[in-house]
Amino acid sequence: FSGSDVTVLFVLGGPGAGKGTQCARLVADYGFKHLSAGDLLREEQDRPGSQFGALIKDCIKNGAIVPMEVTVQLLENAMVETLAQNPASKKFLIDGFPRKMDQALKFEEVVCPAQLVLFYDCPEAEMERRLMERGKTSGRADDNAESIRKRFRTFVETSMPVVNHYEKEGRVVKVDATPTPEAVYKNTQAKLTKALGD
Ligand code: UP5
Ligand code: MG
């Protein structure tokens with residue numbers, strides 16, 4: 001597909017900020033197609049015969065970032081597949097990506113530039129509370145105290161520079177992710193409408 005045919009919004013924020021929760025609502029109301037980089041990596045990890053399974057598993061457990069070639073390829077494949085199934089679905093929410101500068105530059109070079117970046121801002125203590133709570137039932141290998149600490153560290157050291165890069169370019173729409181999901185969503189709608197002008 002051609003990058004000029006599609007619209008991409010990156011959805012960023014720390015671990016547990018509520019990216020997935022907000023994306024689900026945006027999908028329901030605006031017909032976005034939601035692609036979570038983390039979900040795609042977990043699927044690839046579990047795919048029989050995947051040559052990246054062990055690598056992905058190790059990275060996720062340690063809150064480390066999987067080499068960008070793997071993630072960019074999974075995202076591109078998912079976009080191609082989505083468009084093949086439904087050529088009209090041209091608006092993508094890319095959730096939890098890019099989380100390292102090299103990924104950001106690569107994706108925008110080989111796929112397409114993001115129209116804007118939705119950034120969910122949440123204090124660590126609140127994100128930790130959410131993830132520990134979810135960990136009771138999620139079965140996610142990284143919803144435990146040690147992995148969460150590592151994920152936070154990667155977020156601050158490696159992923160915030162990506163947000164700051166887009167902030168300097170004036171492409172970031174920042175939303176306070178601390179209130180209830182409903183309140184966060186109302187704020188998201190208001191700010192998106194303003195930024196996208198529709
Ligand atoms: N919740 C949500 N909103 C709430 C609110 N407003 N108030 C109270 N509770 C709220 O929400 C998390 C939990 O909080 C849920 O229980 C929810 O009900 C509640 P969720 O919407 O799932 O938050 P999200 O930001 O999506 O959290 P997630 O855990 O998915 O974030 P991560 O960024 O850590 O996870 P992701 O799946 O994106 O990545 C996992 C790993 O994959 C990374 O650590 C990394 O190792 C790897 N990865 C890469 O290597 N490269 C990539 O490009 C992407 C991922
Ligand atoms: Mg998520």
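Residues numbered from 1 in each chain as written. Chains lettered and ligands numbered in written order. Predicted model: local features only at pLDDT ≥ 70, side-chain atom pairs only at ≥ 80, totals over all residues.

Looking up the protein chain in an unreviewed UniProt entry gives the name Uridylate kinase, with the organism given as Lasiosphaeris hirsuta. The Catalytic activity (unreviewed entry) comment attached to the protein chain in UniProt states, word for word, "UMP + ATP = UDP + ADP". (UniProt positions renumbered as here; feature names shortened; annotations may be inferred.)

A. Representation of unusual backbone geometry within the structure. Residues Phe97 and Pro98 are joined by a peptide bond in cis, for which omega reads 0 degrees. Residue placement: Pro98 occurs in the loop between β3 (91-95) and α5 (101-110). (Helix = DSSP H or I, 4+ residues; strand = E, 2+ residues; numbered from the N terminus.)

B. View of the site of ligand 1. Lining the immediate surroundings of ligand 1 are 29 residues, of which Pro15, Gly18, Thr21, Gly38 and Gly96 lie closest. Breaking the shell around ligand 1 down by element, the ones donating at least two residues are α1 (19-30), α2 (37-46), α3 (53-61), α6 (124-135) and α8 (181-196). For the shell around ligand 1, the class distribution of residues is 12 nonpolar, 11 polar and six charged. (Near = placed C-beta within 6 Å. Nonpolar A, V, L, I, M, F, W, Y, C, P; charged D, E, K, R; others polar.)

C. Structural context of the UniProt feature "binding site: ATP" (unreviewed entry) in the protein chain. In the numbering used here, UniProt assigns the "binding site: ATP" (unreviewed entry) feature to Gly16, Ala17, Gly18, Lys19, Gly20, Thr21, Arg134 and Pro179. For Ala17, the location among the structural elements is in the loop between β1 (7-13) and α1. Since 26 C-beta atoms lie within 10 Å of it, Ala17 is described here as buried. Apart from residues lying up to four places away in sequence, Ala17 is in contact with Tyr120, Cys122, Met127 and Ala177. Mapped onto the fold, Thr21 is located in helix α1. (Buried ≥ 20, exposed ≤ 12 C-beta atoms within 10 Å, placed from the backbone. Contact = placed C-beta atoms within 7 Å.)

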